[in-house]
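Here is how the chains run, residue by residue.
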Amino acid sequence: MKEKYPVSGFTRDKEAIYVNGIRVFVPAEYDRFKATIPKKRHKALFELSTITGMRYAEIQRLYGHPEWYSENRNQIRLNEEAQKKAKRKAKERTVDLLPSTLPYILDQFFNGPAPPDIDTWNQNLKRWAVKADFNPFGISAKTTRKSIESWMLSSGVPPFKVYQRQGHDPETSLYHYQGLSFTDLEMDQIKKRLMEWGILRTD
C-alpha cells in the first residue's frame, strides 16, 4: 500500500521537532527550506500553506475559487465545499489573522499553474529537503499546517482563535501539541515571525 505521507527509508532526526510523526519547522528552518525551492509558484504555494495553515486539499480547492478570498477583510472563507472533511465541526470556517502581503502571494498562486497532486507535492518536499540538507523524515504536505499551528499555540495566540482558524476541536489540538517544546531563541523567532505575519498581536 502506498504511503500518503511517506517516511520509509528515512530515520527520525533526534534534533528535530515532530507532532504525531510530522516534522515541524522553526522559523530559521522554514526560511532555509523556502530558499531552496527553485520556482516562484512553488514558493508561493509553500508560503500560502504555512501562513494560512490550511489543509493541502483546501489549498487545491482554493485555486479554483479566488472569490473565497476577501481582500477588503483580508480573510479566506472556506465553506462546506472547501472543507469536505468528515470530522469538520463547522459548516464554514474563516481563515483570518493574515499578513498584508497575502494578496501578493495569492496573485502568484492564482496566476500560476494549479497546485500539483499531493503525491507530487510530497515528493517535491522530500527532494527540496535533501537539497537544503534536511533529514526528510516526517516532511510532508502536513508540515506547514503542523508548524503554524504549533507556533500559534506556543506563542500565546488565544486557543479559541487557533481552533477556529485551523478547523480543529480543542481536544485534537491539545492531544497533538501538548508537551511540544521550543528553545528560548526559537520562541523569540516564532513570536517575531507571527507578529510580522499579523497572526500574533499585542493590542
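Everything quoted here is computed from the prediction, not taken from an experiment.

Student: Could you clarify how one ought to interpret a positive patch on the surface in this entry?
Tutor: On the surface, Lys 39, Arg 41, Arg 127 and Lys 131 cluster together into a positively charged patch. The topology assignment puts Lys 39 in the loop between α1 (27-36) and α2 (40-52). Accessibility expressed as a relative area gives 44% for Lys 39, which makes it partly exposed.

Student: Teacher, can you tell me more about the nonpolar core here?
Tutor: Side chains that are nonpolar tend, in soluble globular proteins, to be buried together. Phe 33, Ile 76, Phe 182 and Leu 194 are the most contacted members of the largest nonpolar core, which has 50 residues in total. Beyond its immediate stretch of four places on either side in the chain, Phe 182 contacts Ile 17, Val 24, Val 26, Ser 150, Trp 151, Ser 154, Met 187 and Ile 190.

Student: Explain the pattern of salt bridges here, please?
Tutor: Two side chains with opposite charge may pair up if their charged atoms get near one another. Scanning the model with the defined rule gives 6 salt bridges in all. Residue Asp 31 is joined to Arg 193 by a salt bridge in which the shortest nitrogen-to-oxygen separation is 2.8 Å. Residue Asp 31 is located in helix α1, and its partner Arg 193 is located in helix α10 (residues 184-196); the two are separated by 162 residues in the primary sequence. We classify Asp 31 as partly exposed; its relative accessible area is 31%. Close ionic contact of Arg 93 with Glu 58 constitutes a salt bridge, the shortest N to O distance being 2.9 Å. Here Glu 58 lies in helix α3 (residues 56-63) and Arg 93 lies in strand β5 (residues 93-95), a separation of 35 residues in the sequence. Neither residue differs from the other here; Arg 93 and Glu 58 are each classed as buried.

The rules we used
Residues numbered from 1 in each chain as written. Predicted model: local features only at pLDDT ≥ 70, side-chain atom pairs only at ≥ 80, totals over all residues. Heavy atoms only, no water. Patch = residues over 30% accessible without salt bridge, like charges linked within 9 Å, V, L, I, M, F, W, Y side chains within 5 Å. Areas by Shrake-Rupley, 256 points an atom, 1.4 Å probe, with all protein chains shown as cover. Salt bridge = Lys/Arg side-chain N within 4 Å of Asp/Glu carboxyl O. Lys, Arg positive; Asp, Glu negative; His and termini not counted. Charge placed at Lys NZ, Arg CZ, Asp CG, Glu CD. Helix = DSSP H or I, 4+ residues; strand = E, 2+ residues; numbered from the N terminus. Buried < 20%, exposed > 50% of the residue type's maximum accessible area, 1.4 Å probe, protein only. Core = buried A, V, L, I, M, F, W, Y, C linked by side-chain atoms within 4.5 Å. Contact = heavy atoms within 4.5 Å.

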